[in-house]
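Notes for the structure review
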Amino acid sequence: MLTKASAYALNPKCPDLFYTYILYSESFDKFYIGQTVDIVRRLERHNRGTEHATKPYIPWKMIWYANKETRVDAVSLEKKLKNLTKQRIREFVLKHSKE
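The residue count restarts for each chain, going from 1 along the sequence in the order it is written. In keeping with the model being predicted, local features are shown solely for residues with a pLDDT of at least 70 and side-chain atom pairs are shown and tallied solely at 80 or more, while totals for entire chains, interfaces and linings include all residues. To obtain the side-chain values, all non-hydrogen atoms of the structure were used and water was disregarded.

**A word on helix α4 (residues 86-96)**
- Among the residues of α4, I89, F92 and V93 are the ones counted as buried. Seen end-on, α4 carries its buried residues on one side only, within an arc spanning 95 degrees. Facing away from the buried surface of α4 by more than 90 degrees, the exposed residues are L94 and K95.
- In this analysis, two residues are considered to be in contact whenever any of their non-hydrogen atoms come within 4.5 Å of each other. Each helix corresponds to a stretch of at least 4 residues labelled H or I by DSSP, and each strand to a stretch of at least 2 residues labelled E; elements are numbered beginning at the N terminus. Considering only its buried residues, α4 is in contact with β1 (18-25), β2 (30-36), β3 (61-68) and α3 (71-82). Exposure categories follow from relative accessible area, calculated using a 1.4 Å probe and restricted to protein chains: below 20% of the type maximum is buried, above 50% is exposed, and the middle band is partly exposed. This arc corresponds to the set of directions leading from the helix axis out to the C-beta atoms.

So, in structure tokens, the structure goes:
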């Protein structure tokens, strides 16, 4: 589980990194790709139902994320990932998983 402490541990000298992430809803076999500055709070918002696009598919699990130094880099990666098919997203996550 990703916590504020583990997010900070990714880069303690620069905790205000930007993140691109992939969420997965097992109940609906659905992926969601996004970017944010506060990855922990963003996941909480998705799972509280605050976000219109993801509310119907709660609960969400963060299955992959990458930190980027600029929002431009995070948005660029987000756009590339959003162009992948569901199968290609699965392959990407398996190949680039941190765990």
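Alright, that's what it looks like, and here's the rest.
**As for α3**
- Multiplying 1.5 Å by the helix residue count minus one yields the expected span of that helix. In this model, α3 (twelve residues) spans 16 Å end to end at C-alpha, consistent with the 16 Å of a helix rising 1.5 Å per residue.
- Listed as buried for α3 are A74, L77, E78 and L81. Buried residues in α3, looked at end-on, bunch into an arc of 105 degrees, giving them a common side. Residues of α3 that are exposed and point over 90 degrees away from its buried face: V72, K79 and K80.

**Some points on the packing of aromatic side chains**
- Side-chain rings of Phe, Tyr and Trp (the six-membered ring for Trp) are treated as a pair once their centres are within 6.5 Å; stacked means planes under 30 degrees apart, edge-to-face means over 60, and tilted covers the remaining angles. Scanning all chains against the criterion turns up seven aromatic pairs.
- Pairing Y19 with Y65 gives two aromatic rings, centres 6.3 Å apart and planes at 65 degrees, and the pair type is edge-to-face. Residue Y19 is located in strand β1, and its partner Y65 is located in strand β3; the two are separated by 46 residues in the primary sequence. Side by side, Y19 and Y65 carry an identical accessibility label, which is buried.
- Consider the rings of Y24 and F31, whose centres lie 4.9 Å apart with planes at 45 degrees: the pair is tilted. Comparing Y24 with F31 shows no difference in burial state: the two are buried.
- Through pairs of rings, three or more aromatic residues link up here, namely Y21, F28, Y32, Y57 and W60.
- Over the ring of Y57 we find K30, and its NZ or CZ is 5.1 Å from the ring centre. By definition here, charges over rings are those cases where NZ of Lys or CZ of Arg is within 6 Å of the ring centre and within 35 degrees of the ring normal.

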